[in-house]
Amino acid sequence: LAVAPVGPRTPTEELLVGIWEDVLERSGVGVEDSFFDLGGHSLLAVRLVSRVRETLGRELPLRALFAAETPRSLSRWLAESGAAGAGAGAPAPRLERRERRGDEAPLSYGQERLWFLEQLEPGTGLYTIALGLRLHGRLEVAALSAGLSEVVRRHESLRTAFVGRMGRPLGRVRPAERWEVPCVDLSGLSLRRREGETAALLRQEAGRPFALESGRLLRAVLLRGAETEWTGLLALHHIAADGWSLGVLVRELGELYGAAVTGRGSPLADLRLQYADYAAWQRLGMEGERLQRSLEYWRVRLSGSPSRLELPVDRARRTVRSARGAVCRLRLPGEPWGALQAAGRRAGVTLYMVLLAAFGVLLGRYSGESDLVVGTAVANRTRRELEDLIGFFVNTLALRLCVGGTWGSLLGRVRECVLGAFEHAELPFERLVEELSPERNLGQTPLFQVMLVLQNTPLPPLSLPGLEGSGWEVPTGTAKHDLTLMVREQGEGAERGLEVALEYGTELFDRATAVRLLAGFESLLRAAAEAHSAAELAELALLSPAERWQLVAEWNASGLTLGPAAGGEGERLEGRFWSLASR
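This one's a predicted model, so the numbers in the text were calculated from it and none came from an experiment.

### Describing the overall build of the chain
Within the chain one finds 17 helices and 16 strands. Compactness check: the chain gives a C-alpha radius of gyration of 26 Å against a globular reference of 25 Å for 583 residues, within 12% of the reference. Dimensions of the chain, computed from C-alpha atoms along their principal axes, come out at roughly 90 × 70 × 60 Å. Evaluated residue by residue, the chain yields a buried proportion of 51% over its 583 residues. If you take every contact in the chain between residues at least 6 apart in sequence, the share linking residues at least 24 apart comes to 77%. Looking at the chain as shown, the accessible area adds up to about 26800 Å², and 52% of this sits on carbon and sulfur atoms. With 70 positive and 73 negative side-chain charges, the chain shows a separation of 3 Å between the mean positions of the two kinds.

### Quick notes on the pattern of salt bridges
In this structure the tally under the stated criterion is 46 salt bridges. Among the ionic pairs, Arg172 bridges to Asp103, the shortest N-O distance being 3.1 Å. Remark: Asp103 occurs in the loop between helix 4 (71-80) and strand 1 (104-105) and Arg172 occurs in strand 4 (residues 168-173); sequence separation between them is 69 residues. Given a relative accessible area of 17%, Arg172 falls into the buried group. A network of salt bridges, in which partner residues are shared, links Asp22, Arg47, Arg51, Glu54, Arg384 and Glu387.

### Overview of the packing of helix 10 (residues 288-302) against helix 14 (residues 429-436)
Where helix 10 meets helix 14, the closest approach of the two axes is 11 Å, and the angle between their N-to-C directions is 60°. Compared by their axis directions, helix 10 and helix 14 come out oblique. Pair helix 10 / helix 14 crosses with right-handed handedness. Counted together, Leu291, Leu295, Trp298, Arg299 and Leu302 of helix 10 and Arg431, Leu432, Glu435 and Leu436 of helix 14 form the full contact between these two elements. Its residues assigned to classes, the contact of helix 10 with helix 14 shows six nonpolar, no polar and three charged.

### Description of helix 13 (residues 407-423)
For an α-helix, the turn length of 3.6 residues means that residues three or four places apart are oriented alike. Between its first and last C-alpha, helix 13 extends 24 Å over 17 residues, near the 24 Å set by a 1.5 Å rise per residue. For helix 13, every residue scored as buried is listed here: Trp407, Leu410, Leu411, Val414, Cys417, Val418, Leu419, Gly420, Ala421 and Phe422.

### Digging into the environment of Leu202
Note that Leu202 resides in helix 7 (residues 191-207). Looking at Leu202, the relative accessible area reads 6%, which means it is buried. A sequence separation of 110 residues divides Leu202 from Pro312, and the C-alpha atoms of the two residues are 33 Å apart. When neighbours within four sequence positions are excluded, Leu202 is seen to be in contact with Leu223, Thr231, Gly232, Leu233, Trp472 and Val474.

### Some thoughts on the side chain of Glu252
Relative to the helices and strands, Glu252 resides in helix 8 (residues 243-261). Among the residues examined, Glu252 registers a relative accessible area of 5% and is labelled buried. In this structure Glu252 touches Val151, Arg154, His155, Leu268 and Asp388, once residues within four positions along its chain are discounted.

### Examining the sheet that holds strand 4
In spatial order, the strands read 1-4-3; together these three strands make up an open sheet with antiparallel pairing. The open sheet has two free edges, formed respectively by strand 1 and strand 3 (160-165), since each of these has just one partner strand. In terms of strand pairing, strand 1 meets strand 4 through two bridges, oriented antiparallel. Its bridge partner being in strand 4, Ala105 is matched across the sheet by Gly171. Each of strand 3 and strand 4 touches helix 5 (residues 109-120); the most contacted strand, strand 4, lies at about 115° to it.

### Side note on the sheet that holds strand 12 (residues 467-473)
Strand order in the open sheet made by the five strands is 5-6-7-2-12, with mixed pairing throughout. Edge strands, defined here as strands with exactly one partner in the open sheet, are strand 5 (183-185) and strand 12. Here the strands of the sheet are splayed against their neighbours by 20° on average, with no regard to which way each runs. When strand 5 meets strand 6 (residues 218-224), the two strands line up parallel, connected through three bridges. Looking across to strand 6, one finds that Cys183 is bridged to Leu222. Of the strands in this sheet, strand 6 and strand 7 (229-237) touch helix 6 (residues 141-154), which is tilted by about 170° from strand 6. Packing of helix 7 onto the sheet brings it into contact with strand 2 (128-137), strand 5, strand 6, strand 7 and strand 12, and relative to strand 7 it is tilted by some 15°.

### Structural notes on the packing of aromatic side chains
On inspection of all chains with the given rule, the structure shows 11 aromatic pairs. Note on Tyr275 and Tyr278: the rings are 5.4 Å apart at their centroids and 50° apart in plane angle, and the pair reads as tilted. On the criterion of helical spacing, the pair formed by Tyr275 and Tyr278 is a turn pair, its members being three residues apart in helix 9 (residues 275-285). Tyr278 shares its class with Tyr275; the two are buried. For the ring pair Tyr275 and Phe393, a centre distance of 5.0 Å and an interplane angle of 70° mean the geometry is edge-to-face. Highlighted residues: Tyr275 in helix 9 and Phe393 in the loop between strand 9 (371-378) and strand 10 (395-402), separated in sequence by 118 residues. For Tyr275, a relative accessible area of 4% translates into the label buried.

Cut-offs used in this document
- Numbering of residues starts from 1 in each chain and follows the order in which that chain's sequence is written.
- Residues qualify for local features only when their pLDDT is at least 70, as the model is predicted, and side-chain atom pairs are given and counted only at 80 or more; totals for whole chains, interfaces and linings, by contrast, use all residues.
- As a rule here, side-chain values come from all non-hydrogen atoms in the structure, and water together with hydrogens is ignored.
- In this text, helices come from DSSP runs of H or I with a minimum length of four residues, and strands from runs of E with a minimum of two, each type numbered from the N-terminal end.
- We compute the radius of gyration from the C-alpha atoms alone; for a globule the expected value is 2.2 Å times N to the 0.38, where N is the number of residues.
- The rule is simple: take the accessible area with a 1.4 Å probe, protein chains only, and divide by the maximum for that residue type; under 20% is buried, over 50% is exposed, in between is partly exposed.
- Should any heavy atoms of two residues lie within 4.5 Å, those residues are considered in contact.
- The protein chains shown are the only cover counted for residues, whose accessible areas, like all others here, come from Shrake-Rupley with a 1.4 Å probe.
- His is not counted, nor are the chain ends; Lys and Arg add positive charge and Asp and Glu add negative charge.
- All charge positions are set by atom: Lys at NZ, Arg at CZ, Asp at CG, Glu at CD.
- Definition used for salt bridges: Asp or Glu carboxyl oxygen within 4 Å of a side-chain nitrogen of Lys or Arg.
- All axes here are fitted lines through C-alpha atoms, helices being fitted over the stretch that makes contact, and every angle between N-to-C directions spans 0 to 180 degrees.
- With respect to orientation, any angle under 35 degrees is reported as roughly parallel, any angle over 145 as roughly antiparallel, any angle of 65 to 115 as roughly perpendicular, and every other angle as oblique.
- Left-handed describes a crossing whose near helix is turned anticlockwise from the far helix by less than a right angle; the clockwise case is right-handed.
- For this classification, Asp, Glu, Lys and Arg are treated as charged, while Ala, Val, Leu, Ile, Met, Phe, Trp, Tyr, Cys and Pro are nonpolar and the rest, including Gly, are polar.
- Helices are assigned an expected span. That span is 1.5 Å times one less than the residue count.
- Each pair of strands is called paired provided DSSP finds at least two bridges between the two strands.
- Side-chain rings of Phe, Tyr and Trp, where Trp is taken by its six-membered ring, are said to pair if the distance between their centres is within 6.5 Å; with planes under 30 degrees apart they count as stacked, over 60 as edge-to-face, and otherwise as tilted.

Have a look at this one:
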């Protein structure tokens, strides 16, 4: 029988229930309902912390939410932790609109780094974000152009030019202008030729580099197939946008297109803040006590960490790293995905933490190392005012893992590692690299060479009046690191599962190697879903049952015996391989 939710008894509990419902986008939450049991994860936890700051004026450490998962227990924690909030530290400066000189736009630390990297490797398309669109119905091209023009007018980040002066980048906001979406008519081609031309044009457009000094950091193209069939591409440079920004772009474009079709003006209020205001705020916040506290955490955490992860590769690493890459994919269906989530909840960790632990085991098995550094990306929109902006907010964290012992002990270490990193996630990666001064090598990225990214940023469906639409990420044929494992939850209900993609540098790895790595990760996830906390990591199977049977039985079915003379109880040859197969 369904149990009715327990209602709030105090004003604080009532406010917290409202925050739970807002962040989780669901009603009927009770004060005894766990944030994580209701579908909360690391990204939503950061948004919840932001809402608590905004509503209650309290700084809430992320680990407090893991210790107090319900509105009632968190209300009790807030009452007991004192007026300042445990672990709050120095408050951040106020985020507000700032006066600027003319068209000058302050740059964030991340924008400066991307500009320098673009000068180092110009024209690679490495930092292009490409979103493909499939549209069915009657499309008003002029209305789409008007909608995109208005998006660019609203968001200064999409029309900021990056120019160099004395070896340093400067930002200049260009005036808004109306532009037309170019349209290529392929309707006269046969279906087969049309599909081939569409795929080729999308690859070409996704790989075409941006000129940062132009101030045009969003571009679009339409390909017309049959009368009501359209394929489109939206491409943005990372210096102006991130994954979260795609959701903002898609949502605003839908509203603005609808208004343009009916001849109405923009239904969207002008933005109170622009990305340049965030950039100025970020630099003010990275001073004094806040800066020193974060730097000290990362100095201690990464002291003595290995500078390179030595994975077995198909080709030797070059002196200068290439940006060429490719992607292979797999889907983990609903049943093992649900078991994986349940196993994480029993251990008091999120799905992301389970994925990170399994990835660490995979890397440890292949490299033979137990001390690993894995990069990850966080949305870094820690203030509600930033949620509706298009811009480059994402930050990179270096997570140091000790892979050894039991599965339960590894999950515990990963939990502490992630919570500590998220509590110091506002320190720009660029400042961290500058502080630690790792040995620079053009053949590898600093601090880490592999990443794990849980892609749970909100991406609403493309909704254009009179059109059915869907979107997908278009590969750019590049790889920012040796390996980047990207995981996204997909589907609804019984169809829900995990989509896993492995982006790999093709100068190091063959596709067969990448596919084998991905299959090993799947095997480890399936084993982790059933593993007892006391299970040794060596007991988690890296090979699938089919691979283990092939290795142990099929490849070694010689019938030979070892040991005593004929007639004895000799050991069959394949028995020697069980220890390898179990790994």
